[in-house]
Amino acid sequence: MTDETPETKLTASKRRWAEQGRFLTGKLTRAETDRLPPGQHLVKNWPVLDLGQQPRIQTTEWALQIIGAVENPMKLDWDAFHRLPQSNRLSDIHCVTTWSRYDNRWQGVSTRDLLDLVMPAPEARFVMLTSYDGYTTNLPLDDFASENGILATAWEGEPLTRDHGGPMRLVIPHLYFWKSAKWLRRIEFLLGDQAGFWERNGYHMLGDPWREQRYSGD
Ligand SMILES: Nc1nc2c(c(=O)[nH]1)N[C@H]1C(S)=C(S)[C@@H](COP(=O)(O)O)O[C@H]1N2
Ligand SMILES: [Mo]
């Protein structure tokens, strides 16, 4: 603004909006654009996505196996899993198919509490997740160990439904949702990275929505 231009009410509010970063996209405030990763849109419902086989696992048959580069490999049944410290997490979902869903309340065992129990070997750098439907996905140990990571048995105070991965699924909210294995049955600790199901089929090895790492090469 030059010295001659009087600051009208309109220019004053425009300047204030610019400072606040409002109306950058014409629709969303700055806070919202910061929260929604590039190329994503918000949904209120919760879509179901998987390979089409939704395994039916009774909690009496369910177990989580921990193998590979860990000091304490183990197999936890449903009761043993529930004797671990239980935590809550509130997080957003970002699916690579471009939908995002805000404010999902999860309950279960935090990945950090699980790591405290099993103690990954100092040279472990990656995890491979295997599910009851045969699905696999890989991610770096540091991402698995993120503060918001949770092995979830409940969503919004209700047991996790079978279509969303019940009785237990992983949730790693800062990566695209294909890394969040539903019907999780095995966590293997690895020294080097290996590709899981979608990663072998062209998806990114890390999958950071903020860097739009959808496909390998992004
Ligand atoms: N076991 C298993 N986990 C899976 C999948 C799958 O096919 N099998 N699909 C992944 C994909 S691509 C997405 S987007 C999310 C979808 O989870 P939702 O159905 O609860 O939305 O689960 C992920 N975890
Ligand atoms: Mo997905």
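The rules behind the values
Residues numbered from 1 in each chain as written. Chains lettered and ligands numbered in written order. Predicted model: local features only at pLDDT ≥ 70, side-chain atom pairs only at ≥ 80, totals over all residues. Heavy atoms only, no water. Helix = DSSP H or I, 4+ residues; strand = E, 2+ residues; numbered from the N terminus. Buried < 20%, exposed > 50% of the residue type's maximum accessible area, 1.4 Å probe, protein only. Polar contact = N/O pair within 3.5 Å; in protein donor to acceptor, adjacent residues only side chain to side chain. Contact = heavy atoms within 4.5 Å. Phe/Tyr/Trp six-rings, centres within 6.5 Å; stacked < 30°, edge-to-face > 60°. pLDDT = per-residue confidence, 0-100. Near = heavy atom within 4 Å. Nonpolar A, V, L, I, M, F, W, Y, C, P; charged D, E, K, R; others polar. Pairing = 2+ DSSP bridges. Axes fitted to C-alpha atoms, helices over the stretch in contact; angles between N-to-C directions.

## Notes on the side chain of Lys182
Positionally, Lys182 belongs in the loop between strand E10 (169–171) and strand E11 (184–190). Note on Lys182: relative accessible area 9%, which makes it buried. Separated by 2.7 Å, the side chain of Lys182 and the backbone oxygen of Asp163 make a polar contact. For Lys182, the contacting residues outside a window of four places in its chain are Val48, Leu49, Asp50, Ser131, Asp163, His164, Gly165, Met168 and Arg169.

## As for the packing of aromatic side chains
In the structure shown here, the tally under the stated rule is 12 aromatic pairs. The interplanar angle of 85° and the centroid separation of 5.1 Å between the aromatic rings of Trp62 and Trp78 together place this pair among those described as edge-to-face. Residue Trp62 is found in the loop between strand E1 (41–42) and strand E2 (63–68), and its partner Trp78 is found in helix H3 (residues 78–83); the two are separated by 16 residues along the sequence. The exposure class of Trp62 is buried, given its relative accessible area of 1%.

## Quick look at the confidence of the model for the chain
Overall, the predicted model of the chain reaches an average pLDDT of 91, with 85% of residues at or above 70. Counted against residues more than four places away or in other chains, residues 1–5, with its pLDDT under 50, gives 2 contacts. Low confidence marks residues 21–26, where pLDDT is under 50. Its contacts with residues over four positions away, or in another chain, come to 7 contacts.

## Considerations on the site of ligand 1
Neighbouring ligand 1 are 20 residues, the closest being Pro47, Asp133, His164, Arg169 and Lys182. Between Trp46 and ligand 1, the recorded distance is 3.1 Å, taken from a side-chain N or O atom to an oxygen atom. Measuring from an oxygen atom of ligand 1, one finds a backbone N or O atom of Leu49 at 2.8 Å. Residues of the shell around ligand 1, tallied by class, amount to 13 nonpolar, 3 polar and 4 charged.

## Topic: the sheet that holds strand E7 (residues 136–140)
Read from one edge of the open sheet, 5 strands run E3-E2-E11-E6-E7, paired in mixed fashion. The outermost strands of the open sheet, each flanked by one partner alone, are strand E3 (74–77) and E7. For this sheet, the mean inter-axis angle between neighbouring strands, taken without regard to orientation, is 15°. In the sheet, E2 pairs with E11 via 4 bridges, with the strands oriented parallel. Following the sheet pairing, Ile66 is matched in E11 by Ile187. Strands in contact with helix H4 (residues 111–118) are E2, E3 and E11; relative to E3, the strand with the most contacts, it is inclined by about 130°.

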